[in-house]
Amino acid sequence: MTTVRTRFAPSPTGMLHIGGFRSALYAWLLARHHGGEFLLRIEDTDRERKVEGAIQGILDCFEWFGLDIDEGPTKEELAQIDEDVTLSSTVGQGDFGPYIQSLRLKRYQEVCSQLIESGHAYRCDCAPEMLDQEREAQKAAKQQVGYGGRCRDRNVSADTPHVVRFKMPENPELVLQDGIRGEITWESIPLKDPIIVKSDGFPTYHLAVVVDDYDMKISHAMRGEEWIPSTPLHLLLYNALGWEPPIYCHLPVVLGTDGKKLSKRHGSTAWDSFKDQGYLPEAVVNFVARIGWSPGDGCDEEIFSLKEMAERFSLEKVNPSSGVFDYDKLQWMNGLAIRALSFEEFTKRVNPFLEKEGIKLSPEQWALIGPHIQERTKVLTEVAPQLECLVTDSLEREIDQMLSKKVDAELAKKILTSEKEALSVLETFDVEHIEPAVKALAQTLEVKAGALFLPLRIATLGKKATPPLFESLQVIGKEVTVKRIEDAILEL
Ligand code: GLU
């Protein structure tokens with residue numbers, strides 16, 4: 001096989017969403033699997049839709065997920081389009097640049113002239129009003145809407161304002177061997193002489209993508225299935241130019257669990273929101289990869305490294321039908337990934353989230369509580385709220401939670417008073433001493449050990465779901481423990 005070269009070709013029109021990221025990931029995995037190259041190309045020919053910060057967002061996304069780019073835009077190229085971005089060292093420089101479409105206009109014009117000369121394209125100076133009228137008339141007559149071909153043989157001069165249109169051949173035979181879906185055929189093409197260069201001299205996406213994929217020697221063009229209807233035009237352009245097209249691989253859409261196309265309704269879909277919500281890149285990447293790709297039997301619970309994933313990746317195992325984005329499954333997978341971290345690494349990852357919420361524990365305190373937290377955490381944003389009760393100066397208690405059929409307010413007071421006394425006399429205030437001191441009260445008070453813990457937990461930590469009780473008491477220390485028990489007794 002010739003060198004596998006794949007690309008991700010985003011338009012900088014907003015924050016990269018998770019469906020788009022999946023196309024990038026599959027393209028990257030395919031290139032890495034075959035020891036080929038992965039390119040990033042910025043498709044910015046639609047100048048009106050360009051969004052500030054979008055290119056930086058794309059680069060940050062690759063960096064966060066750890067996907068390296070063999071060839072992509074350089075800092076100088078980005079400066080030429082007024083983008084002052086931080087470019088990580090993982091973006092390599094290739095020989096086929098510039099990797100930004102708005103810097104390649106000359107090349108598109110060159111190819112366009114070639115198409116005009118060979119009779120595959122022509123200049124058109126029809127006024128927009130005329131085209132509107134034509135369209136209205138077609139609609140009224142229930143005909144296919146599109147350009148009627150008035151300028152086909154008019155040989156419009158290059159000096160008059162014009163667009164360039166591709167001359168659609170009559171009844172072309174079109175077959176696509178899609179890398180994921182197999183053969184796709186078209187009976188007819190719902191396009192009438194589409195524009196390939198706009199009046200401002202910019203190419204439309206169709207011309208630019210064909211020229212660039214060819215020039216950059218792309219072997220596999222991985223993209224969303226919404227581009228299938230445009231593919232006949234791309235194939236015809238290749239044909240007209242006498243070039244070999246890449247293998248198109250159209251990825252199915254990603255759906256929400258309700259079977260509808262994934263959108264904001266299902267929760268956030270922008271890549272960086274997963275970062276902000278406390279997901280680990282390795283969990284998201286494993287999860288996203290498996291929406292529509294299966295690494296093989298029995299591997300569902302495994303978190304693969306990117307390298308392992310690339311080794312296993314193949315187009316044959318990509319499912320041509322739509323995949324589902326299930327947030328519950330992602331959370332579960334994130335929990336797996338969190339537990340797979342070393343404690344040191346977990347600490348490193350969770351720290352920014354604690355800092356943001358102003359939660360500070362000493363290294364000793366964290367060493368005591370952290371491993372328990374790591375065991376039960378699904379997303380990193382859950383950690384700070386769990387620790388809040390340890391560091392707060394004004395503990396709020398769900399005092400009603402203390403009471404049950406077996407423990408009324410009177411008994412709760414009695415239990416807490418005994419606990420306060422037992423704990424206040426401890427000389428060493430650590431788990432090894434706290435736990436037996438509390439448990440020993442079961443006999444004296446003639447209650448089950450379980451009845452002793454809930455009042456103590458609510459009194460000292462405020463609610464039922466907290467980090468482990470005795471470790472927490474050691475963290476807050478004797479003085480605070482005793483004071484909190486006293487305050488709780490007054491609240492009862
Ligand atoms: N620029 C197109 C987009 O952002 C990419 C289409 C393609 O990969 O061919 O959707």
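Structure: above.
Think of each chain on its own: its residues are numbered from 1, step by step along the sequence as written. Side-chain atom pairs in this predicted model are given and counted only at pLDDT of 80 or more, local residue features only at pLDDT of at least 70, and totals for whole chains, interfaces and linings cover all residues. Excluded from the side-chain calculations are hydrogens and water; all other atoms, namely the structure's heavy atoms, are used.

Engineer: Mind showing me how you'd approach the overall build of the protein here?
Structural biologist: Strands are runs of DSSP state E lasting at least two residues, helices are runs of H or I lasting at least four, and both sets are numbered from the N terminus onward. Tallying secondary structure elements over the protein gives 19 helices and 11 strands in all. Taken against the 2.2 N^0.38 rule, which gives 23 Å for 492 residues, the C-alpha radius of gyration of the protein at 32 Å runs more than 25% over that of a compact globule. Viewed in the frame of its principal axes, the protein has a C-alpha envelope of about 105 × 50 × 45 Å. In this scheme, a residue with accessible area under 20% of its type's maximum is buried, one over 50% is exposed, and one in between is partly exposed, where area comes from a 1.4 Å probe on protein chains only. Relative to its 492 residues, the protein shows a buried fraction of 51%. The globule rule is 2.2 Å times the number of residues to the power 0.38, and the radius of gyration it is compared with is taken over C-alpha atoms.

Engineer: Sorry, what's going on with the pairing of strand β5 (residues 174-178) here?
Structural biologist: Consecutive residues of a regular strand have side chains that alternate between opposite faces of the sheet. On β5, burial follows the alternation: Leu174, Leu176 and Asp178 on one face are buried, whereas Val175 and Gln177 on the facing-out side are not. Where β5 lies against strand β6 (residues 182-186), five bridges are found, and the strand directions are antiparallel. Bridge pairing in β6 links leucine 174 to tryptophan 186. Following DSSP output, two strands are said to pair if at least two bridges run between them. The hairpin formed by β5 and β6 contains three residues between the paired strands.

Engineer: I keep staring at the side chain of arginine 397 and nothing clicks. Help me out?
Structural biologist: Positionally, arginine 397 belongs in the loop between α14 (383-391) and α15 (409-424). Within the structure, arginine 397 has its side chain in polar contact with the backbone oxygen of alanine 459 (distance 2.8 Å). Contacts between residues were defined by any pair of non-hydrogen atoms, one from each residue, lying within 4.5 Å. Filtering out sequence-adjacent residues up to four positions away, arginine 397 remains in contact with Ile458, Ala459, Gly462, Arg484, Asp487, Ala488 and Glu491. Two N or O atoms form a polar contact when they lie within 3.5 Å of each other; inside protein one atom must be a possible hydrogen donor and the other a possible acceptor, and for residues adjacent in sequence the pair counts only when both atoms belong to side chains.

Engineer: Can you help me understand unusual backbone geometry in this one?
Structural biologist: Outside of glycine, negative phi angles account for most residues, and trans bonds account for most peptide bonds. Following glycine 97, the chain continues into proline 98 via a peptide bond in cis, with omega recorded as 0°. Here proline 98 lies in the loop between α3 (75-80) and α4 (105-117). Despite not being glycine, lysine 142 has its phi angle at roughly 55°, a positive value. Mapped onto the fold, lysine 142 is located in the loop between α5 (128-140) and β4 (163-166). You will see that lysine 217, though not glycine, has its phi angle at about 55°, which is positive. Assignment of secondary structure puts lysine 217 in the loop between α6 (205-215) and β8 (220-224).

Engineer: Got a minute to help me understand the site of the ligand in this structure?
Structural biologist: Neighbouring residues are identified by heavy atoms, a residue being near a molecule or strand if any of them is within 4 Å of it. By nearness alone, every residue bordering the ligand is listed as Arg7, Ala9, Pro10, Ser11, Glu43, Tyr205, Val209, Arg223 and Trp227. In this structure, glutamate 43 approaches the ligand through a side-chain N or O atom, which is 2.6 Å from a nitrogen atom. Between an oxygen atom of the ligand and a side-chain N or O atom of arginine 223, the distance comes to 3.3 Å. Using a 1.4 Å probe, accessible areas were evaluated by the Shrake-Rupley method; residue-level cover was limited to the displayed protein chains. When isolated, the ligand has an accessible area of 300 Å², and the protein chains bury 82% of it. For the shell around the ligand, the per-class residue count stands at five nonpolar, one polar and three charged. Residues are sorted three ways: Asp, Glu, Lys and Arg are charged, Ala, Val, Leu, Ile, Met, Phe, Trp, Tyr, Cys and Pro are nonpolar, and all the rest, Gly among them, are polar.

Engineer: What's the story with the sheet that holds strand β3 (residues 121-124) in this structure? I'm lost.
Structural biologist: Either a parallel or an antiparallel arrangement is found when strands of a sheet pair, and the pairing is made through backbone hydrogen bonds. A sheet is described by the order of its strands in space; here three strands give the open sequence β3-β4-β7, paired in antiparallel fashion. The outermost strands of the open sheet, each flanked by one partner alone, are β3 and β7 (195-197). Here the strands of the sheet are splayed against their neighbours by 45° on average, with no regard to which way each runs. For β4 and β7, the ladder comprises two bridges, and the chain directions are antiparallel. Directly across from arginine 165, in β7, lies its bridge partner isoleucine 195. Here an angle of 0 to 180 degrees is reported between the N-to-C directions of two axes, which are lines fitted to C-alpha atoms, with helices fitted over the stretch in contact.

Engineer: How do you make sense of helix α18 (residues 449-461) when you look at a structure like this?
Structural biologist: A turn of α-helix holds 3.6 residues, and therefore any two residues three or four places apart point the same way. In this scheme, a helix's expected span is set at 1.5 Å multiplied by one less than its residue total. In this model, α18 (13 residues) spans 18 Å end to end at C-alpha, consistent with the 18 Å of a helix rising 1.5 Å per residue. Those residues of α18 lying buried are Ala451, Leu452, Pro455, Leu456, Arg457, Ile458, Ala459, Thr460 and Leu461. Buried residues along α18 sit in contact with α14, α15, α16 (431-439), α17 (441-445) and α19 (469-491).

Note that every value here comes from positions in space, so none of it alone points to a role or purpose.
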